[in-house]
Amino acid sequence: MEEDKEVKVASEESVVPEEEKPQAGESVAPEEEKAQGEESVAPEEEKAQSQEKQPSLEEQLEEMKGNYLRSLAELENYRKRMAREMNEVRESTRHRTISELLGIYDLLQMAVDSAKTAQDVASLRQGVEMTFGELKRTLSGLGVEAVEALGQVFDPACHQAVGMEASAQVPEGNVLRQWKPGFRIGGKLVRPAVVIVSKGPEAPPAEEEKSSGDEAPSDLSEEARASETEEK
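Of the residues in the protein, 66% have a pLDDT of 70 or more, and the chain-wide mean is 77. Taken element by element, the protein is modelled with least confidence in helix 1 (residues 2-14), mean pLDDT 47, and with most confidence in strand 6 (residues 193-198), mean pLDDT 94. Within the model, pLDDT remains below 50 along residues 5-20, and this stretch shows zero contacts once partners closer than five positions in the same chain are excluded.

Attention shifts here to the pattern of salt bridges. In the structure shown here, the tally under the stated rule is five salt bridges. Between Glu76 and Arg79 there is a salt bridge; the shortest N-O distance is 2.5 Å. One end of the pair, Glu76, and the other, Arg79, are both in helix 3 (residues 57-117), three residues apart, so they sit about a helical turn from each other. Overall, the relative accessible area of 32% leaves Glu76 in the partly exposed class. A residue is classified by how much of its surface remains accessible, and Arg79, at 47% relative accessible area, is partly exposed. Ionic pairing is found between Arg125 and Glu129, a salt bridge with its closest N-O pair at 3.2 Å.

What the three strands build is an open sheet, ordered 1-4-5; its pairing is antiparallel. Each end of this open sheet is capped by a strand with a single partner; those strands are strand 1 (144-147) and strand 5 (188-191). Mean inter-strand twist for the sheet, computed between neighbouring axes without regard to direction, equals 40°. Pairing of strand 1 with strand 4 (residues 182-185), which is carried by four bridges, proceeds in the antiparallel orientation. By the bridge assignment, Glu145 is partnered in strand 4 with Arg184.

The next subject is the nonpolar core. Grouped together as the largest cluster of nonpolar side chains are five residues: Ala149, Val175, Ala193, Val195 and Val197. Among residues more than four places away in sequence, those in contact with Ala193 are Ala149, Cys158, His159, Gln160, Gln178, Lys180, Pro181 and Gly182.

The next point concerns the side chain of Thr138. With respect to the helices and strands, the residue Thr138 is situated in helix 4 (residues 121-141). Assessed through its relative accessible area of 5%, Thr138 is described here as buried. Looking at Thr138, its side chain comes within polar contact range of the main-chain oxygen of Glu134, at 2.8 Å. Those residues in contact with Thr138 that lie beyond four places of it in its chain are Glu100, Leu101 and Ile104.

Looking now at helix 3. For helix 3, built from 61 residues, the straight-helix expectation of 90 Å at 1.5 Å per residue is met to within 8% by its first-to-last C-alpha distance of 90 Å. Along helix 3, the largest kink reaches about 30° and is centred on Leu102. Restricting attention to buried positions, one finds in helix 3 the residues Gly66, Ile104 and Ala111. Summarising the contacts, the buried residues of helix 3 are in contact with helix 4.

The subject of this paragraph is the layout of surface pockets. There is about 310 Å³ of room inside the largest pocket. Listed by contribution, the elements that provide at least two residues to the lining of the largest pocket are helix 4 and strand 1. With five residues, the single largest contributor to the lining of the largest pocket is helix 4. When its residues are assigned to classes, the lining of the largest pocket shows 10 nonpolar, two polar and three charged. Around the second largest pocket, the lining residues are Leu107, Met110, Ala111, Ser114, Ala118, Ser123, Leu124, Gly127, Val128, Met130 and Thr131. Elements with a contribution of two residues or more to the lining of the second largest pocket: helix 3 and helix 4. It is helix 4 that provides the largest number of residues to the lining of the second largest pocket, a total of six residues. Counted by class, the lining of the second largest pocket contains seven nonpolar, four polar and no charged residues.

With that settled, the discussion passes to the pairing of strand 6. Of all the six residues making up strand 6, six are buried; the element is thus mostly covered by neighbouring parts of the structure. Burial along strand 6 is two-sided: Ala193, Val195 and Val197 facing one way and Val194, Ile196 and Ser198 facing the other are all buried. The sheet contact formed by strand 2 (residues 159-165) and strand 6 spans five bridges and is parallel. Following the sheet pairing, Ala161 is matched in strand 6 by Val195.

Parameters and conventions
- Residues numbered from 1 in each chain as written.
- Predicted model: local features only at pLDDT ≥ 70, side-chain atom pairs only at ≥ 80, totals over all residues.
- Heavy atoms only, no water.
- pLDDT = per-residue confidence, 0-100.
- Helix = DSSP H or I, 4+ residues; strand = E, 2+ residues; numbered from the N terminus.
- Contact = heavy atoms within 4.5 Å.
- Salt bridge = Lys/Arg side-chain N within 4 Å of Asp/Glu carboxyl O.
- Buried < 20%, exposed > 50% of the residue type's maximum accessible area, 1.4 Å probe, protein only.
- Pairing = 2+ DSSP bridges.
- Axes fitted to C-alpha atoms, helices over the stretch in contact; angles between N-to-C directions.
- Core = buried A, V, L, I, M, F, W, Y, C linked by side-chain atoms within 4.5 Å.
- Polar contact = N/O pair within 3.5 Å; in protein donor to acceptor, adjacent residues only side chain to side chain.
- Expected span 1.5 Å × (residues − 1).
- Bend = angle between axes of the 7 residues up to and from the residue.
- 1 Å grid on protein atoms, 1.4 Å probe; cavity = no way out; pocket = protein on both sides within 12 Å on 5 of 7 lines; lining within 4 Å.
- Points joined across faces, edges and corners; volume = space filled by probe spheres on them.
- Nonpolar A, V, L, I, M, F, W, Y, C, P; charged D, E, K, R; others polar.

Structure (structure tokens):
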């Protein structure tokens, strides 16, 4: 019995708990030192790899140069495309305008042919008025508006004065006569109206001043009157 008890005590002393940690001063196993060394080397390798992946200054310069040349080529293509589209729009607008005016050309040609043999001036005048009305309708269809000038207050923004005349009916500063009509398209002035501006009623002629020698002053002395009589 005593022997069994001694063996049991010896066996309990020989067992070392797993949770027991090595105390200060104890040496670290070689496997742990190797693991710590590998951990310290890993960041240096990653840093070296990242430096190898970064492009050099020459490579960056070449990349920037390539981007610049591509952008320049795209800008040139855009400029050419816009110029081509503007030319197409201009040609289309010109074609549409000419097409609208061809009808007036035909009417004028008919009026000229009729004038060669026409005996009735009234019919010729009627034909010209019809042509003029067609012209106004065509201009209106193209967005052209006439500038109102006659009787309006003179506006230098849309009127061009070529003279001034007196008028008792038209107030001063208003348009008295219109020589050429003005036109605008979409609010933009194409041609100003050429007008004559009123300067108001004409001033009455000034009375002639009587000369001082026509009548003798009443306060002349008798000697002066006598001398004038002797001279006469």
